[in-house]
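In case you want the letters, here they are:
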Amino acid sequence: MLCRAALLPSLRSSGQFWRQTDVAGSHPCLLAPNLVLRNESARGWSNIPFITVPLSRTHGKSFAHRSELKHAKRIVVKLGSAVVTRGDECGLALGRLASIVEQVSMLQNQGREMMIVTSGAVAFGKQRLRHEILLSQSVRQALHSGQNQLKDMAIPVLEARACAAAGQSGLMALYEAMFTQYSICAAQILVTNLDFHDEQKRRNLNGTLHELLRMNIVPIINTNDAVVPPPEPNSDLQGVNVISVKDNDSLAARLAVEMKTDLLIVLSDVEGLFDSPPGSDDAKLIDIFYPGDQQSVTFGTKSRVGMGGMEAKVKAALWALQGGTSVVIANGTHPKISGHVITDIVEGKKVGTFFSEVKPAGPTVEQQAEMARTGGRSLAALQPEQRAEIIYHLADLLTDQREEILQANKKDLEEAEHKGRLALPLLKRLSLSTSKLNSLAIGLRQIAASSQDSVGRVLRRTRVAKDLELEQVTVPIGVLLVIFESRPDCLPQVSALAIASGNGLLLKGGKEASHSNQILHHLTQEALSMHGVKDAVQLVNTREEVEDLCRLDKLIDLIIPRGSSQLVRDIQKSARGIPVMGHSEGICHVYVDLEASVEKVTRIVRDSKCEYPAACNALETLLIHRDLLRTPIFDQIIDMLRVEQVKVHAGPKFASYLTFSPSEVKSLRTEYGDLECCIEVVDSAQDAIEHIHKYGSSHTDVIITENEKTAEFFLQHLDSACVFWNASTRFSDGYRFGLGAEVGISTSRIHARGPSWN
């Protein structure tokens, strides 16, 4: 039994029908290799509404933000000639085309309705006709001269319509073969401009497409270049309600509006829309394009192949946008992104140029980065005393505006508790208090006092010749991007450090702390305003994803993540050409040596684990010398942990010594971030070092002993950012180091290690 499409009078097919089961296996579907619209009866389609091209769409407005594109149900993908064809314009780019089919199939199998508007028939036909001509000439020449002299053969100029006629069937056969690999049917529809001006043909087209989508078939649409008349100059747009199908750009826009699609993706050979011709010195990629912005754009020449240029794409995109369809123009030829460009767009990632009718209330993140750079340079040009005054003023504002800050923080805490998305350790980090604000103010004053020589300090001066001296001087890095989770107190700390070092700052805080971050950023800019450098510190409030921010390699000079180890890994993976100063997990160890002081052990272990268990410098694994088991010092440690309600997990060796042991640890590489820790047994200081090197994160590790020789051995041989003797792990902190604060505790081995800020 053939499916319904085979019985429709408005469809005609050349060649053979194939039957194939769709991905769900629910019904046989028709794979028609060549469906051509004809002006025939439309019986059976009277119940399908005829869609004209109104200004307001019944399916609603276009998406306002990229993040909403993941909700797109019906999508048109337009493949430009430069995307489909090879560089020599003879033949198809098979690898690129296969990747596009894979992405379209993935989205189709997610339940979306995909349509493709494709070029490529002319290029494919040109390849076939050139081959036939060469073959024909070689035979004639061989018969005439007895020799095959291909090098002397001249290839005539091939007429485009003939190439299209020769290439259509081969192009569709290729699509069929590729989609079959994903158990998806495809059907070809050829149209001309006349098909949109004739009401009956428009009914046929609309009904055909709806039926194909209903049967989970991917329509592949192209202009019938074998019969299409030459395009009329400047006939792209005929008023606001009509768009003339002059090329595949206008065809894609027309179909998108006719079919009430949610998203139109236009793939070309450029990254998107630039404010001036790509390749020019000042050309900048436009992330979001709004109607009315055409005056700020200078269009260049069209692509190497195809009918339209970027100006035609923009006109078509704006027309589709006006009809209620969102549009993205992106690069479909770049080898590094073409393999996932379509899926990236649908996921809302910052790819290409997004057309939107809704302008944001504030500046874009790119504009904020530019403002931060300009403001940072002005900040660096201030006198050290002026930068210190700004920080002192910010410290005063933290205490003077205490009630407003705590009220905003209370809103964040209430919303977080209501949604129930934050674990208890993160809630503790989110919470602000009077004591925290007082400590912040003290830390900021320390930064101000020590910032006098942060910028312009001569580190080294060398006389390289008579009357010629070389100086090494401290200078700002540029624009810093600091990304932090659930830590509103991080904002004034990092801002003060950036001000002291003359750097522009871009801040991206967690949405769970939005109210707290807003008021703290407002106070920061109030302090900066006293010397006219308000723009030096920017808070990103748009819906920018972290991954998109990490791609701004021309605007950001250093990324500093402050948050979970997963956040750090994600940013390190996403950053493209931007250095990341991050840290691994805070898996901090305390080793209790055989010669440890009873009094010091309980104090250090309690402070390391219980004072602030959510901090990255809190104790996570307690290593105990084997000979201390079943001794008074061991009993005191266990009693103290029990009193403090610390849940103990037994390491493998420790568990083997116990008849009834606590729950055995699942992994020795665990950062609990709560009142939990692991206890493990080691045989010596050397054994403790080997354990830490194997399971630690090179963050902060401690030895407790009264034996100076053992302590020195531990300090010299352990490779961690911070190694302490008879001190709490919590001492690993910029405030306790006298720096006032830190941008983070770096576990990397390049430039900075430990609590760092310069």
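For the structure given in this document, a descriptive report is provided here. (Residues numbered from 1 in each chain as written. Predicted model: local features only at pLDDT ≥ 70, side-chain atom pairs only at ≥ 80, totals over all residues. Heavy atoms only, no water.)

Two elements in contact, helix α11 (residues 384–400) and helix α16 (residues 514–528), have axes whose closest approach is 8 Å; the angle formed by their N-to-C orientations is 140 degrees. One way to sum up the angle between α11 and α16 is to call them oblique. Handedness of the α11/α16 crossing: right-handed. For the pair α11 and α16, contact is made by Ile390, His393, Leu394, Leu397 and Leu398 and by Leu520, Leu523, Thr524, Glu526, Ala527 and Leu528, respectively. Looking at the contact of α11 with α16 residue by residue, the class counts come to eight nonpolar, two polar and one charged. (Axes fitted to C-alpha atoms, helices over the stretch in contact; angles between N-to-C directions. Helix = DSSP H or I, 4+ residues; strand = E, 2+ residues; numbered from the N terminus. Parallel < 35°, antiparallel > 145°, perpendicular 65-115°, else oblique. Left-handed = near helix turned anticlockwise from the far one by under 90°. Contact = heavy atoms within 4.5 Å. Nonpolar A, V, L, I, M, F, W, Y, C, P; charged D, E, K, R; others polar.)

Let's shift gears to the pattern of salt bridges. Under the defined criterion, the tally for this structure stands at 32 salt bridges. Salt-bridge contacts for Lys315 lead to Glu311; the nearest nitrogen and oxygen are separated by 4.0 Å. Of the two residues, Lys315 and Glu311 are both situated in helix α8 (residues 310–322); the distance of four residues between them amounts to about one turn of the helix. Taking relative accessible area as the criterion, Lys315 reaches 34% and is therefore assigned partly exposed. The exposure class of Glu311 is partly exposed, given its relative accessible area of 39%. Between Lys600 and Glu706 there is a salt bridge, with the nearest N and O atoms lying 3.1 Å from each other. Of this pair, Lys600 sits in helix α19 (residues 598–610) while Glu706 is found in the loop between β22 (700–704) and α23 (708–717), placing the two residues 106 residues apart along the sequence. Residue class for Lys600 comes out partly exposed when judged on its relative accessible area of 29%. Connected through salt bridges with shared partners, the residues Asp344, Glu347, Lys349, Glu547 and Arg551 form a single ionic network. (Salt bridge = Lys/Arg side-chain N within 4 Å of Asp/Glu carboxyl O. Buried < 20%, exposed > 50% of the residue type's maximum accessible area, 1.4 Å probe, protein only.)

Ordered in space as β16-β15-β14-β17, the four strands form an open sheet in which the pairing is parallel. The open sheet has two free edges, formed respectively by β16 (537–539) and β17 (558–562), since each of these has just one partner strand. Direction aside, the axes of adjacent strands within the sheet are offset by 20 degrees on average. In this sheet, strand β15 (residues 504–509) lies alongside strand β14 (residues 479–484) in parallel orientation, the contact comprising six bridges. (Pairing = 2+ DSSP bridges.)

Moving on: the side chain of Ser99. Looking at where Ser99 falls in the secondary structure, it is placed in helix α2 (residues 94–109). Leave out the neighbours within four places in its chain, and Ser99 touches Ser338 and Gly339.

Strand order in the open sheet formed by six strands is β20-β21-β19-β18-β22-β23, with parallel pairing between adjacent strands. Bordering the open sheet on either side are β20 (647–650) and β23 (722–725), each of which pairs with just one other strand. Across this sheet, the average inter-strand angle for adjacent strands is 20 degrees, counted without regard to direction. For β22 and β23, the ladder comprises four bridges, and the chain directions are parallel. When the sheet's bridge partners are listed, Ile703 is paired in β23 with Trp725. Set on the sheet, α19 makes contact with β18 (588–592), β19 (619–625), β21 (676–682) and β22; between it and β19 the angle comes to about 160 degrees.

In this section: helix α14 (residues 434–450). Here α14 contains 17 residues, and its C-alpha end-to-end distance of 25 Å stays within 8% of the 24 Å for a straight helix at 1.5 Å per residue. For α14, every residue scored as buried is listed here: Leu437, Leu440, Ala441, Gly443, Leu444, Ile447 and Ala448. In an axial view of α14, the angular spread of the buried residues amounts to 165 degrees, which keeps them on one side of the axis. Check the buried side of α14 and you find it contacts α11, α12 (402–419) and α15 (490–501). (Expected span 1.5 Å × (residues − 1). Arc of directions from axis to C-beta.)

Axis separation between α12 and α14 bottoms out at 11 Å; the angle between their running directions is 125 degrees. Taken together, the axes of α12 and α14 are oblique relative to one another. For the pair α12 and α14, the sense of crossing is right-handed. Residues Arg402, Ile405 and Leu406 of α12 form the contact with α14, whose own contacting residues are Thr434, Leu437 and Asn438. Each residue belonging to the contact of α12 with α14 can be placed in one class, and the counts come to three nonpolar, two polar and one charged.

Attention shifts here to unusual backbone geometry. The residue Arg630 is not glycine, and still its phi comes out positive at about 60 degrees. Structurally, Arg630 is set in the loop between β19 and α20 (632–643). The backbone of Asn726 sits at a positive phi, close to 55 degrees, despite the residue not being glycine. If you trace the backbone, Asn726 turns up in the loop between β23 and β24 (744–746). Relative accessible area serves as the criterion here: at 21%, Asn726 is assigned to the partly exposed category.

Here is a general trend for soluble globular proteins: nonpolar side chains tend to be buried in one another's company. If you look at the biggest cluster of nonpolar residues, it comprises 43 residues, and the most contacted ones within it are Leu379, Ile390, Ile391, Ile405, Leu505 and Leu507. Per element, the largest residue contribution to this core is eight residues, and it comes from α15. Once you skip the residues sitting within four places of it in the chain, Ile391 turns out to touch Leu444, Ile447, Ala448, Ala496, Ile499 and Ala500. (Core = buried A, V, L, I, M, F, W, Y, C linked by side-chain atoms within 4.5 Å.)

So, about α23. Residues of α23 that are buried: Thr710, Ala711 and Phe714. Along the long axis of α23, the arc covered by the buried residues comes to 100 degrees, so they all point the same way. Seen from the buried face of α23, the exposed residues on the opposite side, beyond 90 degrees, are Glu708, Lys709 and Gln716. Along its buried surface, α23 packs onto β18, α22 (685–695), β22 and β23. The N-cap residue of α23 is Asn707: its side-chain oxygen and the backbone nitrogen of Lys709 are 3.0 Å apart. (Polar contact = N/O pair within 3.5 Å; in protein donor to acceptor, adjacent residues only side chain to side chain.)

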